[in-house]
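Notes for the structure review
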Amino acid sequence: MDTAAVTAGGAPGRILGEDVGAVPPPRTAAPAGSVPAPRSAPPPAGHEATAAGAPPPEEPGRLRRTAHRLRARTAPLRAPRFDPYWTAGFFFVAFALLALYHFRTLSASSWDLGIFEQAIRGYAHFRAPIVDLKGPGTNILGDHFSPVLIVLAPFYRLFPSPLTLLIAQAALFALSAIPVTRAAARTLGRVPGLAIGVAYGTSWGVQKAVDFDFHEIAFALPLIAFALEAVLRGRWTAVVCWAAPLVLVKEDLGVTAAVIGALALIRTRRASPLAIGLVAFGLSATAVTLGVLIPGFNGSGSYDYWSKFGADGGGLTIPLVTAVRTTLWVLLPTTGLLALRSPLLLVALPTLGWRFLSHEPHYWGIDWHYNAVLMPVVFLALIDALPGARVSARPWLRSYAHHLPAAVVAVALALTTTLPLARLTEGATYRTPPDVTAAEKLLARIPDGASVESDIRPLSRLAGRTRVFWIGDTGGLSPEYVAVQLRDHRTPRQALADAAARHPKSTYVILGGAGDLLVFHRTSAR
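For every chain, the first residue of its written sequence is number 1, and the numbers climb from 1 along that sequence. Local features in this predicted model are restricted to residues of pLDDT 70 or higher, and side-chain atom pairs are both shown and tallied only at a pLDDT of 80 or more, whereas totals for entire chains, interfaces and linings draw on every residue. Computation of side-chain values: all heavy atoms of the structure, hydrogens and water removed.

**A short note on the layout of surface pockets**
In the cavity and pocket records, a cavity denotes points on a 1 Å grid over the protein atoms alone where a 1.4 Å probe fits but cannot get out, a pocket denotes an open set with protein on both sides within 12 Å along at least 5 of 7 lines, and lining residues are residues with an atom within 4 Å of a point. Grid points are joined across faces, edges and corners, and a volume is the space filled by probe spheres set on the points. Taken as a whole, the largest pocket spans an internal volume of roughly 790 Å³. Lining the largest pocket are 35 residues; nearest its centre among them are His-144, Lys-250, Tyr-305, Tyr-363 and Tyr-370. For the lining of the largest pocket, the leading source of residues is helix H15 (residues 349-357), giving 4 residues. When its residues are assigned to classes, the lining of the largest pocket shows 18 nonpolar, 8 polar and 9 charged. In DSSP terms, a helix is any run of H or I states spanning at least four residues, a strand is any run of E spanning at least two, and both are numbered starting from the N terminus. When residues are grouped by polarity, Ala, Val, Leu, Ile, Met, Phe, Trp, Tyr, Cys and Pro land in nonpolar, Asp, Glu, Lys and Arg in charged, and all others, Gly among them, in polar.

**Concerning the nonpolar core**
With 125 residues, the main nonpolar core has Phe-95, Ile-196, Leu-228 and Ile-260 as its most contacted residues. Contacts of Ile-196, omitting those with residues within four sequence positions, involve Val-180, Ala-184, Leu-188, Phe-379, Leu-382, Ile-383, Leu-386 and Pro-405. Only buried Ala, Val, Leu, Ile, Met, Phe, Trp, Tyr and Cys residues count toward a nonpolar core, and they belong to the same one when joined by side-chain atoms within 4.5 Å. The classification of residues rests on relative accessible area computed with a 1.4 Å probe and restricted to protein chains. Under 20% of the type maximum is buried, over 50% is exposed, and intermediate values are partly exposed. Note on contacts: a residue pair is in contact if any heavy atoms of the two residues lie within 4.5 Å.

**Description of empty space enclosed by the protein**
This structure, assessed with the given rule, holds 5 cavities of 30 Å³ or more. Its volume calculated, the largest cavity comes out at about 100 Å³. Lining of the largest cavity is provided by Ile-217, Lys-250, Asp-252, Leu-253, Thr-351, Trp-354, Arg-355, His-369, Tyr-370 and Val-373. Top element by residues in the lining of the largest cavity is H15. It accounts for 3 residues. A class-by-class count of the residues in the lining of the largest cavity yields 5 nonpolar, 2 polar and 3 charged.

**Some remarks on a nonpolar patch on the surface**
Among the surface-exposed residues, Leu-320, Val-324, Leu-328, Leu-332, Leu-337, Leu-340 and Phe-356 lie close enough to one another that they form a single nonpolar patch of about 620 Å² accessible area. If one sorts the elements of the nonpolar patch by residue count, helix H14 (residues 320-335) sits on top with 4 residues. Within this analysis, patches are made of residues with over 30% relative accessible area and no salt bridge. Like charges are joined at 9 Å or less; nonpolar side chains (Val, Leu, Ile, Met, Phe, Trp, Tyr) at 5 Å or less. Here the Shrake-Rupley method, with its probe set to 1.4 Å, supplies the accessible areas, and only the displayed protein chains count as covering residues. Each salt bridge in this description consists of a side-chain nitrogen of Lys or Arg and a carboxyl oxygen of Asp or Glu lying within 4 Å of one another.

**A few points about the environment of Pro-458**
Relative to the helices and strands, Pro-458 resides in the loop between strand E1 (451-454) and strand E2 (467-470). Measuring from C-alpha to C-alpha, the distance between Pro-458 and Val-484 comes to 7.4 Å, with 26 residues separating the pair along the chain. Those residues in contact with Pro-458 that sit more than four places away from it in its chain are Leu-443, Ala-483 and Leu-517.

**Side note on a positive patch on the surface**
In this tally Asp and Glu are treated as negative and Lys and Arg as positive; neither His nor the chain ends contributes. To locate a charge, the coordinates of NZ of Lys, CZ of Arg, CG of Asp or CD of Glu are taken. On the surface, Arg-64, Arg-65, Arg-69 and Arg-73 cluster together into a patch of positive charge. Examined against the element boundaries, Arg-65 turns out to sit in helix H2 (residues 59-74).

**Let's talk about unusual backbone geometry**
Unusually for a residue other than glycine, Leu-337 sits at a positive phi of about 70°. The topology assignment puts Leu-337 in the loop between H14 and H15. Its identity as a non-glycine residue notwithstanding, Asp-488 has a phi of 55°, on the positive side. Structurally, the position occupied by Asp-488 is in the loop between strand E3 (481-485) and helix H19 (492-502).

**Observations concerning helix H18 (residues 434-443)**
What sets the pattern is the α-helix's 3.6 residues per turn: residues three or four places apart point alike. Among the residues making up H18, those that are buried are Val-436, Ala-439, Leu-442 and Leu-443. Taken around the axis of H18, the buried residues stretch over an arc of 120°, which confines them to a single face. When the buried face of H18 is taken as reference, the exposed residues oriented beyond 90 degrees from it are Pro-434 and Lys-441. Buried-residue contacts for H18 involve helix H3 (83-104), E3, strand E4 (506-514) and strand E5 (517-525). Note that the arc is computed from the directions linking the helix axis to the C-beta atoms.

Here it is in structure tokens:
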């Protein structure tokens, strides 16, 4: 019986205090000639009677019914099988916001965004991927072999902006969270699977790569992640289909593809033609790329990065403690070292191996993008190792394995407070600084198609519409404009003198300044 109706004296024909099922008393006939009392109309649907004629409380009931209907209709979308996709969607929004912040604030950290925009711009207009930032007329395929970039050409043709590259990278990084989360949930259950998926998306290696403008390795993360998920599921054809395209991402990843093929041989314990073919294909592609393709596109007829290895580059100069510290960063906060129990970790050996052979300091540490390709490897190795550890004969290992998913997500979220995604909690991230607006107006005064000598900060507004050269590397050409950022307390007069020294046969004047940016215009050339 409705509580409100009981409180008000009950519905017509009911006796106060009776149960709902009680039979109403019989109605007596009215005296002859009398006029029957009019019966009050029943309250409208959804309304309840209240005492003293007060308005019925409609909204709470209505809101509850609406919420119930909404929960019922969205129940299929909240099914466990959609968890990986919601996780990827969340990280896409987060990564895209971070990319938008970089673009709007002119916060480029290197020249790579300009380099890749020039390459993709060439593909988008059916031309060779010429990157003048690497030197006038340089074909990017002679520097790093990354023909996979052509995939972004149609999108860039429709939306010619560096933001197109940054959003594409955010989508690729987020896409790699799907196989990681899905494999974890299938192996460990829904909640631990979500925990590992979130830990992967917020891992320091992924966040640092998102923060580093754009790089071709964005394509490697989903390819490696889907390939290793297929290894865990024993789908060997899928393994080959996901791993083989790695040879088109970067010249060294052919060896990674070969190791994935070797991993398939280890897991199956038989000479599978598909696995053997992947090993042969990966190694052959690497050899052909380094020995034939890159030298063929390179003006010097060689591979420029050999100089970073071995005796040709001066030998190993990276302190061993630095290398060990970085390796521990790759394994400890992400997997609690438990990934060492999985053979999937073999896939990380090519990337770590050429680093140990190199003396380039940028390859070590937790900055830049160099550790991103290791993140799907170590997390899927963790997923592979956890089931065995959970049934170990050693009680401490069983307990450790049961608590590790919660621990890795807790560590990842704690580290995030000092990593790039923390900027999304700051109000300044969503505002365009006034000096950036002034800088954009200044750079807009450079006409489309002009030749420009530039350093890092102006590149994101110039590479897509002008012919941009790196400052000091114009190949003898005197550019029409020079765009520079003042550093080390240098004055505009000093910057102008530097431009005149680099191009002694030309005369430059200051076109304008905005904050720490200056633009010079060539007035005469000999």
